[in-house]
Amino acid sequence: MVNDREMTAAELLLQLNSLDEVPRIEAKEGKQVGKSIRETINAFCNEPGLDGGYLILGLRPQELLFDVQYEVVGVDDADKLQCDLATQCCEQFSTVVRPDIHVEKLDDKKVLWAYIPEMPPGEKPVTIKSNGRAYRRIGSTDHLCSQDDLDCLYQLRAGRAY
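The shown structure was predicted, so the numbers you read here are calculated from the model rather than taken from an experiment.

Parameters and conventions
- Residues numbered from 1 in each chain as written.
- Predicted model: local features only at pLDDT ≥ 70, side-chain atom pairs only at ≥ 80, totals over all residues.
- Heavy atoms only, no water.
- Helix = DSSP H or I, 4+ residues; strand = E, 2+ residues; numbered from the N terminus.
- Rg over C-alpha atoms; globule rule 2.2 N^0.38 Å.
- Buried < 20%, exposed > 50% of the residue type's maximum accessible area, 1.4 Å probe, protein only.
- Contact = heavy atoms within 4.5 Å.
- Areas by Shrake-Rupley, 256 points an atom, 1.4 Å probe, with all protein chains shown as cover.
- Pairing = 2+ DSSP bridges.
- Expected span 1.5 Å × (residues − 1).
- Arc of directions from axis to C-beta.

Colleague: Explain the overall build of the chain here, please?
Modeller: Secondary structure assignment for the chain yields four helices and eight strands. When the helices and strands of the chain are placed in sequence order, the string is α-β-α-β-β-β-α-β-β-β-β-α. Relative to the 2.2 N^0.38 estimate, which gives 15 Å for 162 residues, the radius of gyration of the chain is 16 Å and therefore close to what a compact globule would have. Overall, the C-alpha framework of the chain stretches about 50 × 35 × 30 Å when taken along its three principal axes. Counting across all 162 residues of the chain, residues that qualify as buried make up 45%. For the chain, the share of sequence-separated contacts (at least 6 apart) that also reach a separation of at least 24 residues comes to 66%. A total accessible area of about 8700 Å² is found for the chain, and carbon and sulfur atoms account for 49% of it.

Colleague: Any chance you could explain the pairing of strand E6 (residues 109-116) here in plain terms?
Modeller: A regular strand places its side chains on the two faces of the sheet in alternate fashion. A large share of E6 lies buried, amounting to six of its eight residues. Pairing of strand E2 (residues 53-57) with E6, which is carried by five bridges, proceeds in the antiparallel orientation. Within E6, the residue paired with Leu-57 across the bridge is Leu-112. Alignment of strand E5 (residues 100-106) against E6, held across seven bridges, turns out to be antiparallel. Each residue of the ladder has a partner; that of Asp-100, found in E6, is Tyr-115. The hairpin formed by E5 and E6 contains two residues between the paired strands, and Asp-107 there has a positive phi angle of roughly 50°.

Colleague: Got a minute to help me understand helix H3 (residues 78-91) in this structure?
Modeller: Structurally, the α-helix is built with 3.6 residues per turn, so residues lying three or four positions apart point the same way. Taking 1.5 Å per residue as the helical rise, H3 with its 14 residues ought to reach 20 Å, and the 20 Å between its terminal C-alpha atoms agrees with that figure. Buried within H3 we find Ala-78, Leu-81, Leu-85, Gln-88 and Cys-89. Looking down the long axis of H3, one finds its buried residues gathered within 100° of arc, a one-sided arrangement. Against helix H2 (35-46), E2, E5 and E6 lie the buried residues of H3.

Colleague: Which parts of the structure should I look at to understand the environment of Gln-88?
Modeller: Following the sequence through the fold, Gln-88 ends up in helix H3. Taking C-alpha positions, Gln-88 is 8.0 Å from Val-33, a pair spaced 55 residues apart along the chain. For Gln-88, the contacting residues outside a window of four places in its chain are Val-33, Arg-38 and Phe-93.

Next comes the structure, spelled out in structure tokens:
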């Protein structure tokens, strides 16, 4: 079995087309790093025990009769997109997030994918600076933290070594 940290764009696409989005993989067209992508990054950082997740940009879901398949559409400016992703991870969250970013070719088109690490319990909840909100990854979706979620994440800090 391949170590999760050594995944490739082709392996991520294969998993998406086999299972659709799962808790650890989120696919987007990725024209820009906007609100939805920030929420997904935040959810990957916060979800206890998930060990982070993969964000892959340059894919579009196609609804088939009984399934969803992902089409490679590519990203327009991979260098600008990865710079924007790295900058936003550094500046837009209450804790600096250091994604492991890669650009690869699939079907002769560039896709960008990034492994987003789960933050240590002592740094959770990670919030989005612009609105103070925190998200969790529940199944293949990003959910705004309830007060109970926030209480749980704050309680995990109790085990933090000083």
